[in-house]
Amino acid sequence: MRKTVFVSLLLGMSSALFADELSVETFTIAAGEEKKVSINLDNESAWSAVQFVLELPEGLSIKKKSNGDPNFVLTSRLKPTVYDEDEDADIEVRHTVNTNLMDGLYNVAVWSAQSLDIVGNSGAILTITVIASDQVSSGEQKCKLTGVKLIDHTGEIAYTQPDTECNCTIDINTTVTTLGYASFSWPRALDFSNSGLVAYIATDCNGKSIQLQEVTKVPANTGLILKGAEGTENTYQLQTTDDEGLDDVSSNQLTGTASEAYTVEGNNIYVLSNLDDGKPGFYLASYGIQVAQYKAYLAYSGDAPAREGLTFNESETPTGIGGYELFMMNDRQYERIYDLQGRSVKPHHKGIYVSGGKKIIVK
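Residues numbered from 1 in each chain as written. Predicted model: local features only at pLDDT ≥ 70, side-chain atom pairs only at ≥ 80, totals over all residues. Heavy atoms only, no water.

Enquirer: Looking at this model, I keep getting lost on the overall build of the protein. Mind explaining?
Expert: A count of helical and extended segments in the protein gives zero helices and 33 strands. Burial statistics for the protein: of 363 residues in total, 44% are counted as buried. Taking as baseline every contact in the protein between residues at least 6 positions apart, the subset at least 24 positions apart corresponds to 71%. As displayed, the protein has an accessible area near 18,900 Å², and 45% of this comes from carbon and sulfur atoms. (Helix = DSSP H or I, 4+ residues; strand = E, 2+ residues; numbered from the N terminus. Buried < 20%, exposed > 50% of the residue type's maximum accessible area, 1.4 Å probe, protein only. Contact = heavy atoms within 4.5 Å. Areas by Shrake-Rupley, 256 points an atom, 1.4 Å probe, with all protein chains shown as cover.)

Enquirer: Would you explain the pairing of strand β21 (residues 234-240) in this entry?
Expert: The side chains of a regular strand alternate, first on one face of the sheet and then on the other. Direction of pairing for strand β14 (residues 164-176) relative to β21: antiparallel, over a ladder of five bridges. Across the sheet, residue I172 finds its bridge partner in β21, namely L238. As judged from the two bridges shared by strand β16 (residues 190-191) and β21, these two strands associate in the antiparallel manner. By the bridge assignment for β21, L190 is matched with T240. (Pairing = 2+ DSSP bridges.)

Enquirer: Whenever I open this one, the packing of aromatic side chains confuses me. Can you help?
Expert: Here the distance between the centres and the angle between the planes together describe a pair of aromatic rings. Counting across every chain of the model gives five aromatic pairs. Centroid distance F184 to W186: 6.1 Å. Interplanar angle 5°. Geometry classified as stacked. Grouping residues by exposure puts F184 and W186 together as buried. On the basis of an interplanar angle of 35° and a centroid distance of 4.8 Å, the ring pair of W186 and Y294 is categorised as tilted. A residue pair is termed long-range when its members are at least 10 positions apart, and W186 in the loop between β15 (181-184) and β16 and Y294 in the loop between β26 (290-291) and β27 (296-299) qualify at 108 residues. For W186, a relative accessible area of 6% translates into the label buried. Among the aromatic residues, those joined into a ring-pair cluster are F52, F72 and Y106. (Phe/Tyr/Trp six-rings, centres within 6.5 Å; stacked < 30°, edge-to-face > 60°.)

Enquirer: Sorry, what's going on with the environment of E58 here?
Expert: Relative to the helices and strands, E58 resides in the loop between β4 (49-55) and β5 (60-62). Its relative accessible area of 69% is what places E58 among the exposed residues. Each C-alpha atom, one on E58 and one on S137, is 7.7 Å from the other, the two residues being 79 residues apart in sequence. Once residues within four sequence positions are removed from consideration, E58 is found in contact with Q135 and V136.

Enquirer: Even after reading the chapter, I still don't get the pattern of salt bridges, so can you show me in this structure?
Expert: When the charged atoms of two side chains lie near each other, side chains of opposite charge can form a pair. Across all of its chains, the model carries one salt bridge by this definition. The closest approach of N and O atoms between E34 and K63, which form a salt bridge, is 3.5 Å. Placement of E34 in strand β3 (residues 34-42) and of K63 in the loop between β5 and β6 (73-74) is noted, with a sequence separation of 29 residues between them. (Salt bridge = Lys/Arg side-chain N within 4 Å of Asp/Glu carboxyl O.)

Enquirer: Please explain the side chain of T99 as it appears in this structure.
Expert: Residue placement: T99 occurs in strand β9 (residues 96-102). At a separation of 3.0 Å, a polar atom in the side chain of T99 contacts the main-chain carbonyl oxygen of P70. Aside from chain neighbours lying at most four places away, what touches T99 is D69, P70, F72, N107 and V108. (Polar contact = N/O pair within 3.5 Å; in protein donor to acceptor, adjacent residues only side chain to side chain.)

Enquirer: I would appreciate a short explanation of the environment of D243 in the present structure.
Expert: If you trace the backbone, D243 turns up in the loop between β21 and β22 (254-256). A C-alpha to C-alpha distance of 8.7 Å links D243 and V218, two positions 25 residues apart in sequence.

Enquirer: Help me understand the nonpolar core, please; the structure alone is not making it clear to me.
Expert: The tendency in soluble globular proteins is for nonpolar side chains to be buried side by side. Formed by 36 residues in total, the largest nonpolar core has its most connected members in L22, F27, F52, L54, L60, F72 and L126. No other element matches the five residues that strand β11 (residues 124-132) contributes to this core. The contact partners of F27, leaving out residues within four places of it in the chain, are V37, L60, V130, C143, N167, C168 and T169. (Core = buried A, V, L, I, M, F, W, Y, C linked by side-chain atoms within 4.5 Å.)

Structure follows, in structure tokens:
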């Protein structure tokens, strides 16, 4: 069998004009997602080696092998079956791929020690697993292929491909529950003007109510309450934005968890949740409860104790949150009432209930 020394790939070679092209598959990926993507070669001529440099948009990376190198996986086009005279049998002969990451660029060289041609004339020769971090910019982006050379089995005839851009789309998604609300934060500035959502910050809390203010373009890491459609769980696509023309959120009392999840360490932390009667609201979180990443919470720091929970009261205050409904029992008013199973209830029947850590008997 023919053998070609790898160093020939790295030497300057003459260019020729061929209707051949190396490209990256067009793909869509969401922040936090992994996506398998192919690197394709359409070729009229026979090639046995390829080298190129791949640049991905900021926030995208390629999954690594156990040794830390970028994992470019050979397809069947680079694993041909050939007849081996010595073995008197068909054997699979693999091409070799070398990769490294330098200054954000993936440098790749593929060759065959036996100078075997790449099988076929179209389709994937390599696959990669692309990982999207939460630092990506949403919308249409470009992958770039530069320094592309296709080399034949002699190692002397090469086609130098012009620099090529390949399209990819990056989505940033959030889900709003059937009740139509969610807390949220993100490590990039966001523009909600075309999202289908209404975004709010919390500007005041007096221990009984929270005042909300609608915002449109918010800085990174802003704690938010999002309002979407009610009735079904819906996923919305969000748009990143630059740092110009952002709303003033200096009065916001919501703390975002965009950088990492937060573990409650005090008795003044409120989180968005649902009442047993199906209404959303902010409720006092127990010590040790974890607020998930990309959510938001409220830390109440007033002099007077805050109520156990603050529910939405849009009928009276469209942009505010009011306190619990008050119940009259045994000639006294109570805010938050539980049955003996710990469920929040409206006490319409005789029985034993709990409020403020004390038992209440309704006769």
